[in-house]
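Remarks on the overall topology
Read off the chains here:
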Amino acid sequence: MSKTSLDETKAGERPAFEARDLPKSNASLIVLQGAEIGRDFRLRRGTMLIGRGFEADIRVPDNLASREHARIEFSYDRKSRCVTFYLVDLQSTNHTFVNWRRIDRMALRDGDKIQIGETILKFVLLDDIEVKFHSEVRNRITFDRLSGLLTKESLFLALEMELNRCTLYQLPLAVLMMDLDRFKLVNDAHGHLVGSRVIGEVGQVIRDTVRGADVAARYGGEEFLAYFPENGRSGAHQAAERLRQAVGSHLFVADGPGVRITMSIGVALFPEHGRTVEALVGRADGELYRAKDSGRDRVCLCPEEW
C-alpha cells in the first residue's frame, strides 16, 4: 500500500440531488413571536380555524386574539395543479395583518408574516428535509428529551401568558405538581436505565391522559408540572384523579420485568390560591407534600376555606 493512499480523500460520484427532487409540498405556520415560539402548525386540506378558543385548530394563547379570529382555506386548481392557502379574517376585534397590512382575505405566499394580536406566525412551504429540521430544532429548544413533555422553563413562559388571559377574562385555572412515589426504589432495584425508561413512559401516559388544551412539563428528576386552563375545583380534582389512576394502572417497561409505580399530586387553583406562576406552583408543591405525608398515591387540593 502506498504512503499517500492512507490519507487521501476518496473521490466518489456526486449524488443527483437537486432542489427539484425535493418539492416544497408541506405548508406550515411557524410561530416567530408568542407564547409558543418555534411551534410548527402543519396546514392541511379543508379549513383550519385560528384563535384563542380551545376549539381552534391553530390555538393562539394571546389576549388580543379573538376566540375565532381567522380561518385558513385550502384551494386546489385541477387545471394548473396549483395549491393555494387563503387567510380570511373572521371579523376579529383586533383584526388580522399580513406583512403589517390589515387584510380581510388574502392568498398566502411563502414567507408571509401573519400578525394576530401580539403573536406573529410565518407562512412557509417546506420540503421533507426542512420539515424534519424544524421539528428537531423545536424539540431541542422546548421539550425535555427524556419525557417528551415541555421543559420547566417553557411551561413557565406559557403559564405566564395563560394567567394573563385568565385574569382578563376572569377564567379559572388549575396547577398540578406531581411526583412519582418511592422512585429511588425503582433505580435501586432495576437500575438507572430502567428508571429513565419509566420517566419516558410516564411522560407518554400524561400526554395520553390530559386534554389538548392542557400543558404538562417535566419539572426535574421524577417531578412533573401541569396546568389545566378553564378548570375549577371539581374539574381539576377529577382530572388529577384520572392522571393518578392512569399512572397507577400502567405496567411500565413491559418488555422487561415490569414496573408498577404510583404518583402523588398536589393541586392549586387560580385565583383562589395565587395569581402568579410562583405563588401557584408553590401552593401546588405544598399540597404535593401533604399528599406524600398522608400516605402517597393520592390527590390533595387546598380546602375551600383556606
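Only a predicted model underlies this, so the values are computations on that prediction, with no experimental measurement involved.

Section: the packing of aromatic side chains
- All told, the structure shown has two aromatic pairs when counted by the stated rule.
- For the ring pair F74 and F85, a centre distance of 5.5 Å and an interplane angle of 70° mean the geometry is edge-to-face. With F74 in strand β5 (residues 70-77) and F85 in strand β6 (residues 82-89), this pair connects stretches of sequence that are 11 residues apart.
- Judged by its relative accessible area of 22%, F74 falls in the partly exposed class.

Describing the packing of helix α3 (residues 183-190) against helix α4 (residues 192-209)
- Contact geometry of α3 with α4 gives a least axis separation of 7 Å together with a crossing angle of 135°. Classified by the interaxial angle, the pair formed by α3 and α4 is oblique. Across the interface between the two elements, F183, V186, N187 and H190 from α3 touch H192, V194, G195, V198 and I199 from α4.
- Taken together, the residues of the contact of α3 with α4 sort by class into five nonpolar, four polar and no charged.

A few points about the nonpolar core
- Within the largest apolar cluster, 34 residues are counted, with the highest numbers of intra-cluster contacts made by I206 and V267.
- Other than its neighbours up to four places away in sequence, V267 contacts A174, V175, L176, A236, A240, A284, E287, V299, C300, L301 and C302.

Describing the sheet that holds strand β3 (residues 47-51)
- Strand order in this open sheet of five strands is β4-β3-β5-β6-β9, and the pairing throughout is mixed. With one partner strand each, in any of the chains shown, β4 (58-59) and β9 (105-107) form the two edges of the open sheet.
- Across three bridges, the pairing between β6 and β9 is antiparallel. Residue L87 lies in a different strand from β9, and its bridge partner there is M106.

A short note on the sheet that holds strand β2 (residues 40-42)
- Strands sit in the order β2-β1-β11-β10-β7-β8 across an open sheet of six strands; the sheet is antiparallel. The open sheet has two edge strands with one neighbour each: β2 and β8 (101-103). Each strand axis lies, on average, 30° off the axis of its neighbour in the sheet, ignoring direction.
- Note: strand β1 (residues 26-33) against strand β11 (residues 119-126), seven bridges, orientation antiparallel. The partner of L29 across the bridge, within β11, is F123.

Observations concerning the pattern of salt bridges
- A complete count under the given rule lists 15 salt bridges for this structure.
- Put simply, D57 and R44 hold a salt bridge, and the shortest N to O gap is 3.1 Å. Of the two residues, D57 is situated in the loop between β3 and β4 and R44 in the loop between β2 and β3; the sequence distance between them amounts to 13 residues.
- Owing to a relative accessible area of 36%, D57 belongs among the partly exposed residues under this scheme.

Here's the deal with α4
- Its 18 residues place the ends of α4 26 Å apart at the C-alpha level, agreeing with the 26 Å of an ideal helix rising 1.5 Å per residue.
- V194, G195, V198, I199, G200, E201, V202, G203, V205 and I206 are the residues of α4 that are buried.
- Buried residues in α4 make contact with β13 (173-180), α3, β14 (215-220), β15 (223-229), α5 (233-248) and β16 (263-270).

About the criteria used
- Every residue gets a number counted from 1 within its own chain, in the order that chain's sequence is written.
- Where local features are concerned, this predicted model is filtered to residues with pLDDT of at least 70; where side-chain atom pairs are given and counted, the filter is 80 or more; whole-chain, interface and lining totals use all residues.
- Values reported for side chains reflect all heavy atoms of the structure, with hydrogen atoms and water molecules removed beforehand.
- Stacked, edge-to-face and tilted labels apply to pairs of Phe, Tyr and Trp rings (six-membered ring for Trp) whose centres lie within 6.5 Å, assigned for plane angles under 30 degrees, over 60, and everything in between, in that order.
- A run of H or I in DSSP becomes a helix once it reaches four residues, and a run of E becomes a strand once it reaches two; helices and strands are each numbered from the N terminus.
- Only protein chains enter the accessibility calculation, which uses a 1.4 Å probe; a residue whose area is less than 20% of its type maximum is buried, one above 50% is exposed, and one in between is partly exposed.
- Comment: axis = line fitted to C-alpha atoms, over the contacting stretch for helices; angle = value between 0 and 180 degrees taken between N-to-C directions.
- With respect to orientation, any angle under 35 degrees is reported as roughly parallel, any angle over 145 as roughly antiparallel, any angle of 65 to 115 as roughly perpendicular, and every other angle as oblique.
- Every residue pair with non-hydrogen atoms within 4.5 Å of one another is taken to be in contact.
- Residue polarity follows a fixed list, in which Ala, Val, Leu, Ile, Met, Phe, Trp, Tyr, Cys and Pro are nonpolar, Asp, Glu, Lys and Arg are charged, and the others, Gly among them, are polar.
- Throughout this description, the term nonpolar core refers to a set of buried Ala, Val, Leu, Ile, Met, Phe, Trp, Tyr and Cys residues connected via side-chain atoms within 4.5 Å.
- DSSP calls a pair of strands paired once it identifies at least 2 bridges connecting them.
- Definition used for salt bridges: Asp or Glu carboxyl oxygen within 4 Å of a side-chain nitrogen of Lys or Arg.
- Here a helix's expected span is defined as the number of its residues, less one, multiplied by 1.5 Å.

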